[in-house]
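Examining the three-dimensional arrangement
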Amino acid sequence: GAMAAGPPRSFSAAEVRARCAQGACLVRCRRRLYDLSGFVRLHPGGEELLRRRAGTDVSAALDGPPHRHSDNARRWLEQYYLGELEPGEEQVPRARVPRVQGIQGLEAWNWGAVCVQPLSAPQDLVDWQKPLLWQVGFLGEKYDEWVHQPVDRPIRLFHSDILESLSKTAWYVVFMVWTPVVLYLSWVSYTSLAQGNTRLFSSFTTEYSIPVHKYCFPFIFLLGMFLWSLLEYLIHRFVFHMKPPASNYYLITLHFLLHGQHHKSPFDSSRLVFPPVPASLVIAFFYGLLQLVLPEVLGLSVFVGGLCGYVIYDMMHYYLHYGSPSKGTYLYGLKAYHVKHHFEHQKSGFGISTRFWDHPFGTLIPEETFEKEN
């Protein structure tokens with residue numbers, strides 16, 4: 001929903017109730033009305049929580065408890081501005097909203113209650129009708145703030161339709177392309193180890209080299225997955241979240257291509273996983289690197305574990321944006337964690353498939369920000 005132009009339309013309380021009865025999800029902040037019908041499926045706390053607030057005044061929840069809403073959440077809501085409630089109808093009896101026990105702050109993230117004082121979206125710094133990749137480099141010192149103010153709209157990067165199609169993909173394509181590769185390379189690795197010719201340290205010494213049995217394959221595979229989780233963290237933190245110099249057009253452009261476009265439009269479903277064509281170049285690079293430092297079969301075994309970890313990471317990343325995990329599950333808490341990263345803590349919370357590496361590197365999102373309703 002785009003923000004309305006010109007004088008806002010007025011709605012009667014009866015009309016609001018009628019729309020909600022027909023399935024729309026309208027909420028209000030004092031007299032300001034918002035239509036969240038197109039957003040309910042994306043709501044991090046689940047569709048049910050938002051629908052329970054349909055037709056009600058949600059302004060009191062701005063500062064909590066249980067959650068104080070960020071400026072980004074306020075801007076996000078303004079995208080769904082519909083109009084004004086007619087004067088004198090603000091005191092319409094409200095439906096009682098049940099108290100919800102927020103689990104790690106997820107359900108407490110009440111997206112409908114962000115605007116006692118509306119925070120308008122800043123004036124567009126780019127032309128959304130044209131590809132953005134050639135524009136963002138000119139934002140200079142304004143880029144870092146702009147790219148971390150998310151919007152709910154699709155992004156076009158390239159002029160070329162071919163390049164544009166290669167820059168995005170459906171989530172299941174990643175699974176369909178790389179799962180057969182993982183299965184095939186796992187079979188090659190295991191059968192190669194079964195021949196009994198693989199030994200550790202054989203390039204340094206033959207007398208003390210260690211034979212690698214075929215039954216070691218699952219452990220080497222898991223080592224590859226573990227190393228991928230570290231690589232995932234390091235890339236996300238130091239490459240995807242580098243702060244490009246304001247004076248460097250090309251680094252700003254590169255940052256936006258790699259990750260900035262995802263933070264600008266976090267619910268663009270075609271850009272939540274790494275498209276196979278550019279991914280294959282990166283994957284080939286890491287395969288070559290492992291072949292240089294490990295014996296051929298061992299390098300392949302570690303690589304295939306890492307590739308499996310990558311596929312799981314991509315699937316989880318999509319699910320954290322569009323899935324509805326059950327309360328109390330690992331993914332439920334991880335979804336809350338990732339939402340916090342996008343809307344409030346862009347400089348911490350870099351773990352996607354696991355929060356493990358945020359602990360030793362000191363980038364864990366503070367637990368106190370995940371307030372629970374008493």
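Residues numbered from 1 in each chain as written. Predicted model: local features only at pLDDT ≥ 70, side-chain atom pairs only at ≥ 80, totals over all residues. Heavy atoms only, no water.

Looking at an unreviewed UniProt entry, one finds the protein named Fatty acid 2-hydroxylase, with Centropus unirufus as its source organism. Entered under Sequence similarities (unreviewed entry) in the UniProt record, the comment concerning the protein runs "Belongs to the sterol desaturase family. SCS7 subfamily." (UniProt positions renumbered as here; feature names shortened; annotations may be inferred.)

**Here we look at the packing of helix α6 (residues 171–194) against helix α10 (residues 296–322)**
One way to put it is that α6 packs onto α10 with a least axis distance of 9 Å and a crossing angle of 160°. Here α10 runs roughly antiparallel to α6, going by the angle between their axes. Judged by the twist between their axes, the crossing of α6 over α10 is left-handed. Split into classes, the residues belonging to the contact of α6 with α10 amount to 19 nonpolar, five polar and one charged. (Axes fitted to C-alpha atoms, helices over the stretch in contact; angles between N-to-C directions. Helix = DSSP H or I, 4+ residues; strand = E, 2+ residues; numbered from the N terminus. Parallel < 35°, antiparallel > 145°, perpendicular 65-115°, else oblique. Left-handed = near helix turned anticlockwise from the far one by under 90°. Nonpolar A, V, L, I, M, F, W, Y, C, P; charged D, E, K, R; others polar.)

**Side note on the UniProt feature "binding site: Zn(2+)" (unreviewed entry) in the protein**
Mapped onto this numbering, the UniProt entry gives "binding site: Zn(2+)" (unreviewed entry) at H236, H241, H259, H262, H263, H317, H321, H338, H341 and H342. As for its position among the elements, H259 is in helix α8 (residues 249–264). Among the polar contacts made by the side chain of H259, one reaches the side chain of H236 at a distance of 3.4 Å. If you trace the backbone, H321 turns up in helix α10. (Polar contact = N/O pair within 3.5 Å; in protein donor to acceptor, adjacent residues only side chain to side chain.)

**Here we look at the packing of aromatic side chains**
Per the counting criterion, the structure on display carries 25 aromatic pairs. Ring centres of F217 and F221 lie 5.9 Å apart, and the angle between their planes is 55°; this geometry places the pair in the tilted category. Note that F217 and F221 are positioned in helix α7 (residues 217–240) at a spacing of four residues, about one turn of the helix. Ring plane angle 65° and centroid distance 5.5 Å describe the contact between W228 and Y313, whose orientation is recorded as edge-to-face. Taken together, the residues span a long stretch of sequence, with W228 in helix α7 and Y313 in helix α10 at a distance of 85 residues. Among the residues examined, Y313 registers a relative accessible area of 14% and is labelled buried. An aromatic cluster of at least three residues, connected via ring pairs, comprises F226, Y233, F350, F356, W357 and F361. Between the NZ or CZ atom of R355 and the centre of the ring of Y337, over which it lies, the distance is 5.2 Å. (Phe/Tyr/Trp six-rings, centres within 6.5 Å; stacked < 30°, edge-to-face > 60°. Buried < 20%, exposed > 50% of the residue type's maximum accessible area, 1.4 Å probe, protein only. Lys NZ or Arg CZ within 6 Å of the ring centre and 35° of its normal.)

**Observations concerning the sheet that holds strand β2 (residues 26–29)**
The strand order across the open sheet built from four strands is β1-β4-β3-β2, with neighbouring strands paired in mixed fashion. The sheet is open, and its two edges are formed by β1 (9–11) and β2, each paired on a single side. The mean inter-strand angle of the sheet, taken between neighbouring strand axes irrespective of direction, is 40°. Across four bridges, β2 lies against strand β3 (residues 32–35) in antiparallel orientation. Paired with V27 across the bridge in β3 is Y34. Packed on one face of the sheet, helix α1 (residues 13–21) meets β1, β2, β3 and β4 (81–85) and runs near 80° to β1. Helix α3 (residues 71–78) rests against β2, β3 and β4 of the sheet, and its axis sits at about 80° to β3. (Pairing = 2+ DSSP bridges. Contact = heavy atoms within 4.5 Å.)

**Focus: the packing of α7 against α10**
Running from N to C, α7 and α10 cross one another at 55°; their axes reach a closest spacing of 7 Å. One way to sum up the angle between α7 and α10 is to call them oblique. Read as a crossing pair, α7 and α10 show a hand that is right-handed. Across the interface between the two elements, F217, I220, F221, L223, G224, M225, L227, W228, E232 and F240 of α7 pack against L298, S301, V302, V304, G305, G306, C308, G309, Y310, I312 and Y313 of α10. Considered class by class, the residues forming the contact of α7 with α10 number 15 nonpolar, five polar and one charged.

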